[in-house]
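Take a look at the letters that make up each chain.
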Amino acid sequence: MTMPRQIQDLSRLCIHTITTKPWSIEEAIDRYAEAGVKGITVWRDTLEGRDVSEIGDRVRSNGLEIVSLCRGGFFPSSDSQERSKALDDNREAITEAQALGAPLIVLVCGADPHQPLSESRKQIRDGIESVLPEAEAAGVKLAIEPLHPMYADTRSAVNTLQQANDMCVQIDSPWVGVALDVYHLWWDPNLESETKRCGELGKLFAFHVCDWKSPTEDMLLDRGLMGEGCIPIREIRGWVESTGFSGYSEVEIFSNRYWEIDQDHFLKQIIEAYKRNV
Ligand code: ZN
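Quick summary incoming for the structure in this document.

Analysis parameters
- Residues numbered from 1 in each chain as written.
- Predicted model: local features only at pLDDT ≥ 70, side-chain atom pairs only at ≥ 80, totals over all residues.
- Heavy atoms only, no water.
- Donors = N, O, S within 2.8 Å, 3.2 Å for Na, K, Ca; no water.
- Tetrahedral: all angles 85-135°; square planar, octahedral: opposite > 155°, others 65-115°.
- Helix = DSSP H or I, 4+ residues; strand = E, 2+ residues; numbered from the N terminus.
- Buried < 20%, exposed > 50% of the residue type's maximum accessible area, 1.4 Å probe, protein only.
- Pairing = 2+ DSSP bridges.
- Axes fitted to C-alpha atoms, helices over the stretch in contact; angles between N-to-C directions.
- Contact = heavy atoms within 4.5 Å.

## A look at the coordination of the zinc ion
Around the zinc ion, the donor atoms from the protein are Glu145 (OE), Asp181 (OD), His208 (ND1) and Glu252 (OE), and they sit 2.0 to 2.2 Å away. Geometry at the zinc ion is irregular, judged from the four donor atoms that bind it and their angles of 83 to 166° at the metal. Counting residues between consecutive donors of the zinc ion along the chain gives the motif E-x35-D-x26-H-x43-E. With Asp181 in strand 6 (residues 176-181) and His208 in strand 7 (residues 204-209), this residue pair connects regions lying 27 residues apart in the sequence. The buried category is assigned to His208, whose relative accessible area is 0%.

See below:
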């Protein structure tokens, strides 16, 4: 006999605006609030042409909490001009986060296939350290998000939680930690022990959820709803919360399939999947 699964309330549910990509930021704020969602992670593309601080006020007046701004990063390049452009872009993200009232920026750290991963990792660390004074002055934390190794060519040279933890230890700043995304890390045999280590270091800043569909039809844009794939999300959430983490579970789904359907219906599906499978 199987035990009925515990049903989660919505008090720790956050949604990334990219998940409901067809909606404007205004629509996302209104619909999430109406549905009882408590947190929102804002993707920068939604802020284009907006007064960022007004958007922040609108979020808060609807009773939502801004969990983070996505995204900064993409530090490495074999071209030094590109590296310097990336630093400017990260400084802009810090300014936006401060105006929005977002306490955290998620970093998709980047990689350049024309140079060794080790060089990209060094440039990531240098890049983070370069913008750290601005982040600290703005009161904005930075979270290194390790990405699945299928993205090691162009999206991130940081591919395991161990690498992210090690980089946090090297940088050694209270403003730099980790965003743990189950999509990227579920396969890692060291995930439980490195999650514990991340917590002990005080570096567990954010927790992202979705599911790994089998088969996955697109490497980037075919993420599943929680419960639709093979990730043991509840077990991983258990590891995360046993470190003392009491933050949000952030639903971050890139999916051509879901972006094509009615987004009000999709939001209902997200909430149902969250209650049963996170
Ligand atoms: Zn993520």
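That was the structure; now back to the text.
## Some words on the sheet that holds strand 2 (residues 39-43)
Strand order in the closed barrel made by the eight strands is 1-2-3-4-5-6-7-8, with parallel pairing throughout. When strand polarity is set aside, the average angle formed by the axes of neighbouring strands in this sheet is 30°. Across the face of the sheet, helix 10 (residues 263-277) comes into contact with strand 1 (13-16) and strand 8 (249-251) while running at roughly 140° to strand 1.

## Brief notes about the pairing of strand 6
Judged by how many residues are buried, strand 6 sits mostly within the fold: six of six residues are covered. As paired elements, strand 5 (residues 141-144) and strand 6 share three bridges and run parallel to each other. Residue pairing for strand 6: Ala143 is matched across the bridge by Gly177. Pairing between strand 6 and strand 7: four bridges, direction parallel. Paired with Ala179 across the two strands is Ala206, which belongs to strand 7.

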